[in-house]
Structures are given as structure tokens and as C-alpha cells.
Amino acid sequence: MKWVKGTIAAAGVFAALLLGAGCETLGPETNSSTDKDRLGAIEIKINDLVLDYVSCLDGDKTDWKYFTVPGEGKIAVTFAFDEPAAGGTVVIRKPTGEEMYRLPFKPGSRNIQIFDAIPGHYYLEIFCEAYKSEYTVEVSIP
Ligand SMILES: [Ca+2]
């Protein structure tokens, strides 16, 4: 589990308060750190359950992750957002960045996508549309 950015977000909010800036002046990725885009994607390991969060309120709308597929075969991506009203979405992208699946979180059902993969890096673009939400995501071999 990676749970370091709370401190970064808190520092960002504090800095914003010092400057007299309200939340409405925060850009969507003001406190997003390097994982706001594909170049800064953070690695997740297959079979690790990752807990993290996105926040449209605190300028951390997007998290990019990547995982490495070791061999040809099926891959499963399972995820859940704690706050249904956040409009959480996971986009699975090919090594080229091309979109494969766009998966809006559906509360009350199992949110899973299984697909055929080839060796290489795949990306997850995880974001919210409103409010904020913790989420879990796991990549596994089904
Ligand atoms: Ca982020």
C-alpha cells in the first residue's frame, strides 16, 4: 500500500491557505504529485491490493498506475471506490497509451474487467468527477 500523499496534500492545502487561496482556485491536479499523467505513473505489482485516493476537492483528481504483464494471457483488473457520488472511473490503457476500456464505478456490483494481454506495461488512469474517494485496485491473473 502506498499512503504517502496525504502529507503532500495537507502541505499543499496549508500552502494554499497561507496564500489566501480558496479551494475553488485549486486546479484539478494542483496536489496530484507526479502521477497526474502517464509519464509519472506509479508501478503496482500483480496480486497487490492497492489503496489510494483521488480528490476533486483537494486538487488530486487523477492517479496513473502501471503494471507489467510477464507473459501472454488473461489479466483481471478489479476496483472499488468508497464514495459512489464521486463518479470514480478506471481507464485501462495499452503500452502505447491507447484506451482499451473505460470503466465507470458501479456501486453494488463487482467491478472487474478481464482481457487478453501480451507482455509489456499497461496503464490504469484512475480519476473522479466530483468530491473525493478512497479506492482499491488490484491487477491479477484470473
Ligand atoms: Ca494524483
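Everything quoted here is computed from the prediction, not taken from an experiment.

Q: I'd like a description of the sheet that holds strand β9 (residues 132–140), backed by residues and values.
A: Here we have 4 strands laid out as an open sheet, ordered β2-β9-β4-β7, and antiparallel in their pairing. The open sheet has two edge strands, β2 (49–55) and β7 (112–117), and neither has a second partner. For this sheet the average axis-to-axis angle between neighbouring strands, irrespective of direction, equals 25°. Pairing of β2 with β9, which is carried by 7 bridges, proceeds in the antiparallel orientation. Across the sheet, the residue bridging to D52 is Y135, located in β9.

Q: Explain the sheet that holds strand β1 (residues 42–43) residue by residue, including any values.
A: The strands that make up a sheet are held in pairs by hydrogen bonds between backbone atoms, and each pair lies either parallel or antiparallel. Spatially, β1-β3-β8-β5-β6 is the arrangement adopted by the 5 strands of the open sheet, whose pairing is mixed. Strands with a single pairing partner mark the edges of an open sheet, and in this sheet they are β1 and β6 (99–104).

Q: A description of the pairing of strand β8 (residues 120–127) should follow, citing residues and the corresponding values.
A: Taking burial as the measure, the 8 residues of β8 include 6 buried ones, the bulk of the element. In terms of strand pairing, strand β3 (residues 62–69) meets β8 through 8 bridges, oriented antiparallel. Its bridge partner being in β8, T68 is matched across the sheet by H121. In this structure, strand β5 (residues 89–93) lies alongside β8, joined through 5 bridges in antiparallel fashion. Pairing of R93 across the sheet is with Y123, part of β8.

Q: So what's going on with the pairing of strand β4 (residues 73–81)? Which residues, and what values?
A: Bridge analysis of β4 against β7 gives 6 bridges, and the strand direction is antiparallel. By the bridge assignment, T78 is partnered in β7 with I112. Both β4 and β9 contribute to a ladder of 6 bridges, which runs antiparallel. Bridged to A76 within β9 is S140.

Q: Describe the environment of L26, with residues and values.
A: Secondary-structure assignment places L26 in the loop between α1 (5–18) and β1. Sequence spacing of L26 and D60 is 34 residues, and the spatial spacing of their C-alpha atoms is 9.6 Å.

So, how was this worked out
Residues numbered from 1 in each chain as written. Predicted model: local features only at pLDDT ≥ 70, side-chain atom pairs only at ≥ 80, totals over all residues. Pairing = 2+ DSSP bridges. Helix = DSSP H or I, 4+ residues; strand = E, 2+ residues; numbered from the N terminus. Axes fitted to C-alpha atoms, helices over the stretch in contact; angles between N-to-C directions. Buried ≥ 20, exposed ≤ 12 C-beta atoms within 10 Å, placed from the backbone.

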